[in-house]
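# Fold and contact review
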Amino acid sequence: MVKLIEIVKKNLKILIRSKSSALIILLGPLLLILLVGSAFNTSSFSEITIGSYSGSYSDLSSSILTKLETDNYKVTKLENSEQCTDGVKSGIVNICIIFPDNLNIESGEEIELYVDQSRVNLVFAIKSAILSKVSERSDELSTDLTNTIITQLTQTSSELQLSRDEVISTQQKNSDLRTKVGELEVNIINMNVNFSEVDLIITEINNETDKLEADFNTTKFNKLENLVEAMSAEINNFNALDASKTNSLSKVSEINIDLGNSNIQLQNIRDTTDSIITRIDAIAVTDVDSIVSPIKTVTKPISKEETHINYLFPTLIMMVVMFVSILLSSITVIREKTSSAFFRNFISPTNSVVFIFATYLTNILIVILQLAIVFGVMMSFNPALSSTLINISIALLVITTTFILLGMILGYVFSSEETATIGSISLGTILLFFSNTIIPLETLPTGFRQIANYNIFVIGESIIRKLILFESSLKGILSELYLLGAYILIFIVVIFVIYRASTELYNIKRHLKGK
Amino acid sequence: MVNQIEIKDLSKRFGNHVVLDNISLSIPQQKIFGIIGESGSGKTTLLKTIIGFWRSDAGKIQFEGRDLEKNTKFIRQIVGFATQDSGVYPKLTVKENLKYFGSLSNVPSSTLKSNIEKVLKFVELDYAKNELTENLSGGMMRRLDIACALIHNPRILILDEPTEDLDPLLRRDIMNLIRRINSDSTTVIITSHLLDETEDLCDEIAILHNGKVLKHGTPEQLRDSFSKEEEVIVNLNSKKYQTLMAKLKNHKKQISSMKVDNGKLVIRTRSAEPVLVEVLRTIDRSKDKLLEIDVRKASLGEVFESLVRKNG
C-alpha cells in the first residue's frame, strides 16, 4: 500500500511539475467545455446563409424568403442558378434555393434545394430548418385554400337544406293533388251517363202515343210526338257524355301517373339532397387547421433542457473522458517505460502488479479531477445535474476505467511517446467516427452498425445520455455497465499478458539501438 | 574467501547476436570486483543479466547460495544497482527520489527518513536534498544515482560505468566514494573501460571481450600472467640517452628492450635492480641532471591490450 501511494504520488508530482502536462491536464478540459459551452449555448441556428435564385420572383417565392429572413437567416438573391449552386460548393452560402419562375400554387412546380452533402453534420439540420420554414408557408397557403373549400361546402350544405325543404313541400302538395285527382276519378266513375232507359221510355211514350192516336184517331197528339222526338234527340246528345267520361277518366289516370312519377322524381331529388347533406355533414373535421395538418406532430424534448450544450454535454463529457484517458494513460505508460528510472523500478523488489495498478490509479485520479472541474462548471449552468451525480460518478468511473486500460495497452504496445500519441489519437478518432457524434449510426451498413454498437464510446455516451438527459437509474444502464465490465476484464488480462513481453521487447530494442 | 555471487556458464543472446558466451565468474564478498572491457563487450548485459533484468539463455546465477530465478525478490532486496544513465526522475527532488526508491525497496517508513539523511551525507549531497534532480550537475547526478542504489542498505552494490563522462576530479571523488562504500562491508561490482582507475580500485578484475571472460584475478595476478618483466623509466634533463644506452648494452642478458618514448628512456628488464644501479652510476659520471626515475610492472592496460589482440 505504501509503495502504491508512493508511486502514485511520484506520478502526480511528475505530471504537475511538467508545466505543459499540468496545463493540458487541468486547463485543457475546462477550456474545451468553456469553448464548446459558449459556442453551443443556443437553441437555434445562426449565421446560416441562404442563396436564392428565381428567373422571376412571384409573391409566393418572395413570401417564403421573407419568412426565412424574419427567422434571422441571411438571404442573398443571386443572379443565376449556377452562381447559387457554386455558392454552396464554395461555402459562400449554406443552402441554395431555386424557385421556379412566377411560382404559384396552381403551377405545381417544385422548389429546388441544393445542399453540400459532404457537410454531413450540418446538412440535415439546415435542410430540416429551411424545409420547415418553406413548409410553414405551404401550410399557410393550404389553410387559405382549404378555408375557401370549407366555406363553399358549408354554404352548399345550407342551400341544399333549403332546397330539400322545398322538395318536401312540393312532394306534399303533389300527394294532396294526387288524392284530389283520385277523388275526381271516383266522382267521374260514379257519374251515370247511361240514357238507354230513357230511350226505352221514349219508345214506350211513342208507342203509347201511337196507340192513343190510333184509339182516338186524332192528330192532336202530334205535338206531343214532336216534343218526344225533340227530347229523344236531346237524349242522344247525352249519350256522347259516356265517351267524354271515359276520356276524362283516361286523362285523370294519366295525371295520376304523372303525379306519381313526379313524386318519385321528387323523392329521388330529396334522397340525393339528403345524401349530399349527410355526406357534407359526415365531414367530421371541418376545422381548417385539422384538414391542412390532419396529423399534428410536435417535437417535444424528453428532457427538460433547451440549449444545445445540454444535449451535447454527454458527448462532450465522453470526448473529454475518452481522449484524456487514452492519451494520458498511454503517455504515462510510455514515459515510464522510456524513463531512465524504469530499470531501477524494474529491479526493485516490487511486483509489476503494483506498478500497473499505480499507473491506473494515477490516471483515474487525474481524470476524476478533470471531471470534477467540468461538472463543477456545468452544475453552475444546470443545478439539476446534482440529483444524478452519484449515478453519473459510478458510471463515469467504469467508463474511465475502460478507456484508461485501453490507453495503457497502447502505451505497452508502442515504443515511443510520439507513436503512442498518434496511436491514441487515431484510436480515439476511430471510436468517435463510428459513433453517433459525426454521422448517425443508422446511416452505416448493418454489419458496421452492429459492430459500432459495441464501440466503448457509443456505450459510454448512451450511459451518460440516459443518466443526464433522462435521469435514468442505475438499473436502466445495467446492461451497458456489464458490457463495459467485460471490456475491463479483457483489458486487464491483455495488460498482464503484454506487460512483461512489451517491456522486454522495448528494452531489447533500446539495448540494440544503444549499440 | 567466501564467494557472494557465483555465475556458471552464463549465456545471453539478442537475436543472433551472442552477447554473453558461457561466462563463469565468482565474485567474493566485501571486495571491489571490476569488470573491464571495451564498449560493447557485454559488461552492462552481464550486470543486467545477473540481476534478472535480462533472462539468461543458459547458465546459473547464485547470490549467497540462492538461485536467481527462484529468489528474485530476495536478491533484488540485497542488491543496489546504479546504471551509467542516471536512473532517477528529473522532475523529483533529490530527497523525493530517495524516498520513492526507498519505499520501492521495502525500507520501513520509520527508518526511511534516517536512511535518506545518512545516505545523503555519505554521498555528500545533503546540501542539495531539495533540489530538483534535473538541476544537478553530472557528478551530483552520479552521486544521487549511487545514493538511490544504497538507500536500502544493500549487501551488494553494482555500479555500471560510474565514472563515465566525468572529469578527473569528479572521477576521483566517485572512486573515493566507492572505497568508502566498500569499507562499510558492501561488495562492489564495477564495470569500466578506464583501466587505470579499475586497477587502483579493484580487488579482483575480470577482463571481458566479445562476451567472454578472457582473464579473471587480482590486478597483480593479471599483470604477472601477462609478463614478469619490469619497466625502468629514466627522464634526463638533456634528453640525451646515447651514452646511457651504450653503457646498458653491457647488461644485455637482463635487458630485453630499450626505447626513447616521449623524451624518456624506457628499459624493459627481467631484473630492475642491476639496471638501476648502472643507470644511476652512469648519470652520476656524466654530470647530467636526472629529472625522474621510476620502476613499474606492466600496466593493466598493456595486459588488456595484449589479451584483446590475442583473442581478436
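Please refer to the structure placed before this passage.
This text gives an overview of the structure that appears in the document. Here, residues in each chain are numbered from 1, in the same order as that chain's written sequence. Ligands are numbered from 1 and chains lettered from A, in the order in which they are written. Reporting of local features is limited, given that this is a predicted model, to residues whose pLDDT is at least 70; pairs of side-chain atoms are given and counted only at 80 or more, and all residues count toward the totals for whole chains, interfaces and linings. Only hydrogens and water are set aside; all other atoms, that is, all heavy atoms of the structure, feed into the side-chain values.

## Focus: the overall build of chain B
Which entries qualify depends on this criterion: Only DSSP runs of H or I reaching four residues or more are called helices, and only runs of E reaching two or more are called strands; each is numbered from the N terminus. Whether a residue is buried, partly exposed or exposed follows from its accessible area with a 1.4 Å probe, protein chains only, as a fraction of its type maximum: under 20%, in between, or over 50%, in that order. A contact between two residues is defined here by any heavy atoms of the two lying within 4.5 Å. Method for areas: the Shrake-Rupley scheme with a 1.4 Å probe, in which residue coverage is limited to the protein chains shown.
In terms of helices and strands, chain B carries 11 helices and 14 strands. Across the 312 residues of chain B, 50% fall into the buried class. Within chain B, contacts between residues separated by at least 24 positions form 67% of all contacts whose residues are at least 6 apart in sequence. Just so you have it, chain B exposes about 14,600 Å², and 45% of that area is on carbon and sulfur atoms.

## Focus on the pairing of strand E4 (residues 58-63) of chain B
Residue and element names in this part refer to chain B. Short version of the rule: The pairing criterion is simple: DSSP has to find at least two bridges between the two strands.
Where strand E1 (residues 3-14) lies against E4, 5 bridges are found, and the strand directions are antiparallel. Bridging across to E4, Ser 11 finds its partner in Ala 58. Two elements, E4 and strand E5 (residues 66-67), share 2 bridges in a ladder whose sense is antiparallel. Counted as the bridge partner of Gln 62 is Asp 67 from E5.

## Some thoughts on the nonpolar core
As a reminder of what qualifies: Residue types Ala, Val, Leu, Ile, Met, Phe, Trp, Tyr and Cys, when buried and joined through side-chain atoms within 4.5 Å, form a set referred to as a nonpolar core.
Core analysis: the largest hydrophobic core is formed by 110 residues, its most contacted members being Phe403(A) and Leu98(B). Sequence-distant contacts of Phe403(A), defined by excluding residues within four places in its chain, comprise Met318(A), Val321(A), Met322(A), Ser325(A), Ile326(A), Ser329(A), Leu431(A), Ile456(A) and Phe457(A). Membership of the second largest hydrophobic core comes to 33 residues, among which are Ile347(A), Ile7(B), Ile23(B) and Ile189(B).

## Examining the sheet that holds E5(B)
Residues and elements named next belong to chain B. The test is simple: Between N-to-C directions, angles span 0 to 180 degrees; the directions come from axes that are lines fitted to C-alpha atoms, helices contributing only their stretch in contact.
Strand order in the open sheet formed by 4 strands is E2-E1-E4-E5, and the pairing between neighbours is antiparallel. Two strands lie at the open edges of the sheet, namely strand E2 (17-28) and E5, each paired on one side alone. Docked against the sheet, helix H1 (residues 43-50) engages E1, E2 and E4, running at close to 115° with respect to E1.

## Quick look at the pattern of salt bridges
Residue and element names in this part refer to chain A. Quick note on the threshold: For salt bridges, the criterion is a side-chain nitrogen of Lys or Arg within 4 Å of an Asp or Glu carboxyl oxygen.
All chains considered together, the criterion is met by 22 salt bridges over all chains. Two residues, Asp 274 and Arg 164, come together in a salt bridge whose shortest N-O distance is 1.9 Å. Of this pair, Asp 274 sits in helix H7 (residues 222-282) while Arg 164 is found in helix H5 (residues 120-190), placing the two residues 110 residues apart along the sequence. Residue classification places Asp 274 among the partly exposed residues on the basis of a relative accessible area of 21%.

## A few points about the packing of helix H12 (residues 389-413) of chain A against helix H13 (residues 417-433) of chain A
Residues and elements named next belong to chain A. Convention followed: Convention used here: angles under 35 degrees read as roughly parallel, angles over 145 as roughly antiparallel, angles from 65 to 115 as roughly perpendicular, and any remaining angle as oblique. Throughout, a crossing is termed right-handed when the near helix is turned clockwise from the far one, and left-handed when it is turned anticlockwise from it by less than a right angle. Any residue that is not Ala, Val, Leu, Ile, Met, Phe, Trp, Tyr, Cys, Pro, Asp, Glu, Lys or Arg is counted as polar, Gly included; the first ten are nonpolar and the last four charged.
Running from amino to carboxyl end, H12 crosses H13 at an angle of 135°, the nearest separation of the two axes being 10 Å. Between H12 and H13, the interaxial angle falls into the category oblique. Here H12 and H13 pass one another in a crossing that is right-handed. Residues Phe 403, Leu 406 and Leu 410 of H12 pack against Gly 423, Ser 424, Leu 427 and Leu 431 of H13. Across the contact of H12 with H13, the residue classes tally to 5 nonpolar, 2 polar and no charged.

## Quick notes on the interface of chain A and chain B
Selection rule: By buried area we mean how much accessible surface two parts lose on assembly, using a 1.4 Å probe and totalling the loss over both. N or O atoms within 3.5 Å of each other form a polar contact, as long as, within protein, one can give a hydrogen and the other can take it, and as long as residues adjacent in sequence are counted only when both atoms are side-chain atoms.
Each partner contributes to the interface: chain A provides 31 residues, whereas chain B provides 36 residues. With both chains or domains summed, chain A and chain B bury close to 3,000 Å², and 62% of this area falls on carbon and sulfur atoms. Ranking the residues of chain A by area buried against chain B places Phe343(A), Arg344(A) and Pro349(A) at the top, with a combined share of 26%. Inspection of the chain A/chain B interface yields 4 salt bridges. For Arg17(A), the salt bridge identified is with Glu96(B), shortest N-O distance 2.5 Å. Across the chain A-chain B interface, the total number found is 15 residue pairs in polar contact (both at pLDDT 80 or more). Only helix H1 (2-17), helix H10 (342-346) and helix H16 (478-514) of chain A provide two or more residues apiece to the side of chain A that touches chain B. With 9 residues, H1(A) is the largest single contributor of residues to the side of chain A that touches chain B. Its residues assigned to classes, the side of chain A that touches chain B shows 12 nonpolar, 8 polar and 11 charged.

## Concerning the environment of Glu96(B)
Among the structural elements, Glu96(B) can be located in helix H3 (residues 94-104). Relative accessible area serves as the criterion here: at 18%, Glu96(B) is assigned to the buried category. Excluding anything up to four places from it in sequence, Glu96(B) contacts Lys13(A) and Arg17(A).

## Overview of the sheet that holds strand E2 (residues 74-77) of chain A
All names here are of chain A. Strand order in the open sheet made by the 4 strands is E2-E1-E3-E4, with mixed pairing throughout. If you trace the sheet from one side to the other, it starts and ends with E2 and strand E4 (112-115), each paired once. Within the sheet, the average angular offset between the axes of one strand and its neighbour, ignoring direction, is 25°. Direction of pairing for strand E3 (residues 95-99) relative to E4: antiparallel, over a ladder of 4 bridges. Across the sheet, residue Cys 96 finds its bridge partner in E4, namely Tyr 114. Lying on the sheet, helix H4 (residues 81-90) is in contact with strand E1 (49-54), E3 and E4; it crosses E3 at an angle near 160°.

## Some details on the packing of H1(A) against helix H11 (residues 352-381) of chain A
All names here are of chain A. One way to put it is that H1 packs onto H11 with a least axis distance of 9 Å and a crossing angle of 50°. In terms of orientation, H1 and H11 fall into the oblique class. As for how H1 packs across H11, the hand of that crossing is right-handed. For the pair H1 and H11, the contacting residues are Lys 3, Leu 4, Ile 7, Val 8, Asn 11, Leu 12 and Leu 15 in the first and Val 354, Phe 355, Phe 357, Ala 358, Thr 359, Leu 361, Thr 362, Leu 365 and Ile 366 in the second. Per-class residue counts for the contact of H1 with H11 are 12 nonpolar, 3 polar and 1 charged.

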